[in-house]
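Chain by chain, the residues:
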Amino acid sequence: MLSYLLAILIIVGVYTLLTQCLNLHYGFMGLINFGVVGFFAIGAYTSALIAIAGYPILLGVLGAIVLASLSAWPLGVLATRLREDYLAIVTLGFAEVVRIVVTSESWLTNGVQGLPGIPQPFSSLGPNAQGLAFLGIVLACNLAVLALIMRLAHGPFGRLVEAIRDDEVAASALGKYPTGPRIQIFMIGAGIAGLAGALYGHYISYIVPDQFVPIVTFYVWMAMIMGGVGSLPGSFIGAAILIGLFEGTRFIDDAFPGSIGVEMASLRLVFIGLALVLFMRFRPQGIMGTRMQS
Amino acid sequence: MLTMYFNLVVNGIVLGLVIGLAALALTLVYAVARFPNAATGDMITVGAYAGIGVQVLGSRNTLLQGSAAIAACTILSMAYYWFVFRYLRGRGMVALLLTSIGLALFTRGILSFFAGHEQFVFQIPLVEPYVIYGVIIQASDLWLAVVALLSVVATFAILFLTPIGRRMRAVADNRDLARASGIRAESVMIPLWGIVGAVSAIAGIILGIKTVVMPETGWLLLLPSFTAMILGGLGSPIGAVLAGIALGVAQEVASPFVGFTYKIAVSFLVLLVLLIVRPQGLFGSLEEVR
């Protein structure tokens, strides 16, 4: 029971990181990122490959953050020039291309078979102690990211970002150009998603391209919307509700043994889709948010 | 060697017409509601599955399958508007886009729950292909291209030759001015969403006959279709169809060089170059693009 609880909490932690990334992009800067899963995948694969090659796990995690950030740079440059709906389409396409690359380039990523045996940290400890230690790491990462975002949001940089978001023309007229901050925010957020991917890979210890389908991006959007756009505690609450619902559907699985796997995947789609439609219609500000940008 | 490219071009034209139809459905919604309708892809999937449904029930008549698809998608599309999008007017692009993604996931979930995740194929009679100087043209391809072109022509006829089409274009052009002239935007929305559904249905049937039918069929078409919509100039129906054909041919001709799996990446590349070089599309519209 304890190991089950630990597993759930760790996955909630990973999704909280992803939700914080999206909150930074969309809630803070107004960038519509439909490619969260692309950065997540880049992080997971980078860290896994570095660790499998025999280098320390920490190096892999750092590599994941750096590579995910760098991959966001060209998109960030584009983001400064594009209308918001174009950016949505471009980032969606980016995530699909990432998935195609990790599926096709088997020499590097082992293609559809995926990467098994990704080294796990603290493997010398017992299973429960290992889980607890990993949870500690995930928690620490979340707090570090939270501190980083708070620092960004409440400093001069935060005021600059808010000015740009609320009125780009006025900010430019005061000599505050939007290009730099947009690219920086895009890259920092992508690095957070890369970190989440690295943690996920080292925890699950087995990754395949099928774990990085576009729906994951919309799980994260759902978590952000449920928690409240722009609300950082909401990131955790949204992610917790999301994973709670997923685990709940697993109990339905146990109760009706006939309806396993494939049907469950369909029902999740139905559920997430319906929830997204209903939230946008009736409660766009989320369960505890106050503000929804349009 | 050269004939291989001609064969790819022929194949690309048919697939390009499918992309063009999807882009037409996207651009019609964009013109009046100002958002990229991500539910279009799964609407196309519904069309393909409606045709498969008729086949499972025992009829191999393509006309009957097509009619079932058109009926299903037209009703579904109007229902999307009536029960969902109607309430979101003036709520901004993000809300509409997210809602359309929600509808897309919902639709695909329902479909795959009942139809499963295995692939279906349309059983069409095998006919000796035409061979012209070594270029192989399947009789079915010819028919599919004709059907696609006819549906494009029919859509344009409605848009440009009928009173309701004129009202649709008026609303797309300037909602307030149309209203001042006594055109109620709501009265054109239902027929417009109906046309969008019918166009998606035909795209779904053609795509189903050309390839295989699975729950992701339409979703995978979404990226090339978005690209074709932007390439053709947002809100320009003719541009969308022409850009779709161009993109289809580009994808097919590129596939021997980049490999089959990277075909979809071709449209992403086109999209990136396009957005950097000419974001207003080839047939640049009045719309401000930045």
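Residues numbered from 1 in each chain as written. Chains lettered and ligands numbered in written order. Predicted model: local features only at pLDDT ≥ 70, side-chain atom pairs only at ≥ 80, totals over all residues.

Peer 1: Mind showing me how you'd approach the overall build of chain A here?
Peer 2: A count of helices and strands for chain A gives twelve helices and two strands. Order of helices (α) and strands (β) in chain A, N terminus to C terminus: α-α-α-α-α-β-α-α-α-α-β-α-α-α. Taking 294 residues into account, the globule formula puts the C-alpha radius of gyration at 19 Å, and chain A, at 19 Å, falls close to it. For the C-alpha atoms alone, the extent of chain A along its principal axes is close to 60 × 45 × 35 Å. Counting every position in chain A, which comprises 294 residues, the buried fraction comes to 48%. Long-range contacts, defined as pairs at least 24 residues apart, comprise 78% of the intrachain contacts of chain A with a sequence gap of at least 6. (Helix = DSSP H or I, 4+ residues; strand = E, 2+ residues; numbered from the N terminus. Rg over C-alpha atoms; globule rule 2.2 N^0.38 Å. Buried ≥ 20, exposed ≤ 12 C-beta atoms within 10 Å, placed from the backbone. Contact = placed C-beta atoms within 7 Å.)

Peer 1: Sorry if this is basic, but what is going on with the overall build of chain B here?
Peer 2: A count of helices and strands for chain B gives eleven helices and two strands. Reading the helices (α) and strands (β) of chain B from amino to carboxyl end gives α-α-α-α-β-β-α-α-α-α-α-α-α. The globule rule puts the C-alpha radius of gyration for 290 residues at 19 Å, and the 19 Å found for chain B is close to it. Its C-alpha atoms give chain B principal-axis dimensions of about 60 × 45 × 35 Å. Expressed as a percentage of the 290 residues in chain B, the buried residues total 51%. Sequence separation of 24 or more characterises 78% of the internal contacts of chain B that already satisfy a separation of 6 or more.

Peer 1: I tried to follow the interface of chain A and chain B on my own but got confused; where do I start?
Peer 2: Interfaces are often sized by the accessible area lost when the parts come together. Across the boundary between the two partners, chain A contributes 35 residues, which contact 38 residues of chain B. Only α4 (84–104), α10 (215–227) and α12 (262–282) of chain A provide two or more residues apiece to the side of chain A that touches chain B. Residues that form the side of chain A that touches chain B fall into these classes: 22 nonpolar, six polar and seven charged. (Nonpolar A, V, L, I, M, F, W, Y, C, P; charged D, E, K, R; others polar.)

Peer 1: Looking at this structure, how should I read the packing of α12(A) against helix α4 (residues 93–115) of chain B?
Peer 2: Packed helices, taken two at a time, are described by the angle between their axes plus the distance between the axes. Relative to each other, α12(A) and α4(B) sit at 155 degrees, their axes nearing to 7 Å. Classed by the angle they form, the pair α12(A) and α4(B) counts as roughly antiparallel. Judged by the sense of rotation from one axis to the other, the crossing of α12(A) with α4(B) is left-handed. Classifying every residue of the contact of α12(A) with α4(B) by side-chain character gives 17 nonpolar, six polar and two charged. (Axes fitted to C-alpha atoms, helices over the stretch in contact; angles between N-to-C directions. Parallel < 35°, antiparallel > 145°, perpendicular 65-115°, else oblique. Left-handed = near helix turned anticlockwise from the far one by under 90°.)

Peer 1: When you look at the packing of helix α5 (residues 139–161) of chain B against helix α6 (residues 163–173) of chain B in this model, what are you seeing that I'm missing?
Peer 2: Residues and elements named next belong to chain B. In the contact formed by α5 and α6, the axes pass within 5 Å of each other and the chain directions differ by 80 degrees. On the basis of their axis angle, the class for α5 and α6 is roughly perpendicular. Residue-level inspection shows I158, L159, F160 and L161 of α5 in contact with α6, the latter providing G165, M168 and R169. Looking at the contact of α5 with α6 residue by residue, the classes come out as five nonpolar, one polar and one charged.

Peer 1: Help me out: how do you make sense of α10(A) in this one?
Peer 2: Residue pairs three or four apart in sequence face the same way in an α-helix, which turns once every 3.6 residues. All names here are of chain A. Across its 13 residues, α10 extends 18 Å between first and last C-alpha, which sits within 8% of the 18 Å expected from 1.5 Å per residue. Among the 13 residues of α10, twelve are classified as buried, and the element is accordingly described as predominantly covered. Burial in α10 covers these residues: I215, T217, F218, Y219, V220, W221, M222, A223, M224, I225, M226 and G227. Remark: G228 follows α10 within two positions and exhibits a positive phi of approximately 105 degrees. (Expected span 1.5 Å × (residues − 1).)

Peer 1: Could you clarify how one ought to interpret helix α9 (residues 179–204) of chain A in this entry?
Peer 2: Along its 26 residues, α9(A) runs 38 Å from first to last C-alpha, staying within 8% of the 38 Å computed at 1.5 Å per residue. Trailing α9(A) by a residue or two, A:S205 shows a phi angle of about 65 degrees, which is positive.

Peer 1: Would you explain the environment of B:V121 in this entry?
Peer 2: On the secondary structure map, B:V121 appears in the loop between α4 and β1 (130–132). B:V121 sits 34 residues away from B:T155 along the chain, and the two C-alpha atoms are 28 Å apart.

Peer 1: What exactly am I supposed to notice about the environment of B:F106 here?
Peer 2: Among the structural elements, B:F106 can be located in helix α4. Along the chain, B:F106 and B:A38 lie 68 residues apart, while their C-alpha atoms are 12 Å from each other. In this view, B:F106 contacts A:V270, A:G273, A:L274 and A:V277; residues no more than four positions away in its chain are not counted.

Peer 1: What's the story with the confidence of the model for chain B in this structure? I'm lost.
Peer 2: Low pLDDT means the predicted coordinates in that region are not meant to be read closely. All names here are of chain B. Per-residue pLDDT for chain B has a mean of 88; in total, 97% of the residues score no lower than 70. Predicted confidence is poor over residues 285–290, with pLDDT under 50, and the contacts of this stretch with residues over four places away or in other chains come to 13 contacts. Both scores are available for the predicted complex, with the pTM at 0.89 and the ipTM at 0.87. (pLDDT = per-residue confidence, 0-100.)

Peer 1: Can you help me understand the confidence of the model for chain A in this one?
Peer 2: Averaged over every residue, the pLDDT of chain A is 87; the share at 70 or more is 93%. Per-element confidence in chain A ranges from a low mean pLDDT of 80 for helix α11 (residues 232–255) of chain A to a high of 96 for helix α2 (residues 36–52) of chain A.

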